[in-house]
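# Secondary and tertiary structure notes
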Amino acid sequence: MTDQPFRAVRATHDGRSLTVYQAYPVGIAETALAAGTFAPPFKRERMTWIKPSFRWMMYRSGWASKPGQERVLAVRISRDGFEQALALACPSHHDRRCHATAEEWRAELATSPVRVQWDPERSTRLGALEHRALQLGLSGRAVAGYVDHWILGITDVTALAHEVRALVRDGRTDLADALIPTETPYPLPEHLAARIGADH
């Protein structure tokens, strides 16, 4: 993971889709797996955060062990949907790459249904790295788009999380790395890179 752009969307992706990760309690996860999308007890009125980085999801969920995050889902979404979300996005904090003044940022924040956060990417041992990983928080019409239109498939990767954790605990990070899905820079259109403050 050397010589990485400071801010880039690194994800498992192909010509049609990319994969994001979410962690949920058993009830929400089981319902989503059965329905192929999110349904009650999932709450549309709450902001839902999606993360393209498997390692960052492992850090956030404690390898699928934290309360309410016992099940990790790999959600394959359409590239079109992902880019729609980026087009609606606003940073969670004032970022001069995206807004010249705090006033401009606050005005956009008040109406945007998507939040952007850049957090330190994680190593396989979950240590912080210098470059950043993307998180997107979806609310309002963005959640509706995600649940009703963008999701192409959902897979339970909890067992994978546990397997990778066991290898890391045994000091076998090379084998752990071989199991983690390959994530490469997503080809962001220039206007979307500018909107979310990504390196282009």
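As shown above, the structure is provided for reference.
Everything numeric here is computed off the predicted structure, so don't read it as measured data.

Assigned secondary structure in the protein chain consists of eight helices and nine strands. Expected size for 200 residues packed as a compact globule is a radius of gyration near 16 Å; at 17 Å, the protein chain falls within 12% of this value. Judged by the C-alpha coordinates and their principal axes, the protein chain covers about 50 × 40 × 30 Å. Put simply, of all contacts in the protein chain between residues at least 6 apart along the chain, 75% involve residues at least 24 apart.

Strand order in the open sheet formed by four strands is S3-S7-S6-S5, with mixed pairing between adjacent strands. Of all strands in the sheet, those bounded by a partner on one side alone are strand S3 (48-50) and strand S5 (89-91). With strand direction ignored, the average angle separating the axes of adjacent strands in the sheet is 40 degrees. Across three bridges, the pairing between S3 and strand S7 (residues 128-138) is antiparallel. When the sheet's bridge partners are listed, tryptophan 49 is paired in S7 with glycine 137. Contacts between helix H3 (residues 79-87) and the sheet are confined to S5, strand S6 (114-122) and S7, with S7 contributing the most and set at about 90 degrees to the helix. Docked against the sheet, helix H5 (residues 141-150) engages S3, S6 and S7, running at close to 85 degrees with respect to S7.

What follows is about the pattern of salt bridges. Tallied over the entire structure, the rule returns eight salt bridges. A salt bridge links arginine 71 to aspartate 156, with the nearest nitrogen and oxygen atoms 2.6 Å apart. Of the two residues, arginine 71 sits in strand S4 (residues 71-78) while aspartate 156 sits in strand S8 (residues 151-156), which places them 85 residues apart along the sequence. Residue aspartate 156 is classed as partly exposed on the basis of its relative accessible area, which comes to 28%. Between aspartate 199 and arginine 97 there is a salt bridge; the shortest N-O distance is 2.9 Å. Of this pair, aspartate 199 sits in the segment after helix H8 (190-196) while arginine 97 sits in the loop between S5 and helix H4 (102-111), placing them 102 residues apart in sequence. Since its relative accessible area comes to 31%, aspartate 199 is described here as partly exposed. Owing to a relative accessible area of 42%, arginine 97 belongs among the partly exposed residues under this scheme. Salt bridges sharing partners connect three or more residues here, namely Glu30, Arg71 and Asp156.

Turning to the sheet that holds S8, a few remarks are in order. Strand pairs in the sheet, formed through backbone hydrogen bonds, run parallel or antiparallel to each other. On the basis of which strands lie adjacent, the open sheet formed by three strands has the order S2-S4-S8 and antiparallel pairing. Edge positions in the open sheet fall to strand S2 (17-24) and S8, since each of these has one partner strand only. Averaged over neighbouring strand pairs, the angle between their axes works out to 25 degrees when direction is ignored. Bridging between S2 and S4 involves eight bridges; their strand directions are antiparallel. When the bridges of S4 are listed, leucine 18 appears paired with isoleucine 77.

Membership of the largest hydrophobic core comes to 37 residues, with the highest contact counts inside it found for Phe38, Ile77, Leu136, Leu138 and Tyr146. In terms of residue count, H5 provides more of this core than any other element does, five residues in total. Each residue touching isoleucine 77, except ones within four places of it in the same chain, is listed here: Arg16, Ser17, Leu18, Val20, Ile50, Phe82, Tyr146, Trp150, Ile151 and Leu152. Membership of the second largest hydrophobic core comes to 18 residues, among which are Met58, Leu126, Leu160 and Ala176.

What follows concerns the packing of aromatic side chains. Overall, the coordinates contain seven aromatic pairs when judged by the stated rule. Here tyrosine 24 and phenylalanine 38 contribute two aromatic rings whose centre-to-centre distance is 5.4 Å and whose plane-to-plane angle is 55 degrees, an arrangement assigned as tilted. In this pair, tyrosine 24 is assigned in strand S2 and phenylalanine 38 in the loop between helix H1 (26-35) and S3, connecting sequence segments 14 residues apart. On the basis of relative accessible area, tyrosine 24 is assigned to the buried category, the value being 11%. Centre to centre, the rings of phenylalanine 82 and tyrosine 186 are 5.4 Å apart; their planes meet at 80 degrees, and the pair counts as edge-to-face. Placement of phenylalanine 82 in helix H3 and of tyrosine 186 in the loop between strand S9 (184-185) and H8 is noted, with a sequence separation of 104 residues between them. Classification of tyrosine 186 by relative accessible area gives buried; the value is 5%. Put simply, the rings of Tyr24, Phe38, Phe42 and Tyr146 pair up and form one aromatic cluster. Sitting over the ring of tyrosine 59, arginine 122 keeps its end group 3.6 Å from the ring centre.

Conventions we followed
- Residues numbered from 1 in each chain as written.
- Predicted model: local features only at pLDDT ≥ 70, side-chain atom pairs only at ≥ 80, totals over all residues.
- Heavy atoms only, no water.
- Helix = DSSP H or I, 4+ residues; strand = E, 2+ residues; numbered from the N terminus.
- Rg over C-alpha atoms; globule rule 2.2 N^0.38 Å.
- Contact = heavy atoms within 4.5 Å.
- Pairing = 2+ DSSP bridges.
- Axes fitted to C-alpha atoms, helices over the stretch in contact; angles between N-to-C directions.
- Salt bridge = Lys/Arg side-chain N within 4 Å of Asp/Glu carboxyl O.
- Buried < 20%, exposed > 50% of the residue type's maximum accessible area, 1.4 Å probe, protein only.
- Core = buried A, V, L, I, M, F, W, Y, C linked by side-chain atoms within 4.5 Å.
- Phe/Tyr/Trp six-rings, centres within 6.5 Å; stacked < 30°, edge-to-face > 60°.
- Lys NZ or Arg CZ within 6 Å of the ring centre and 35° of its normal.

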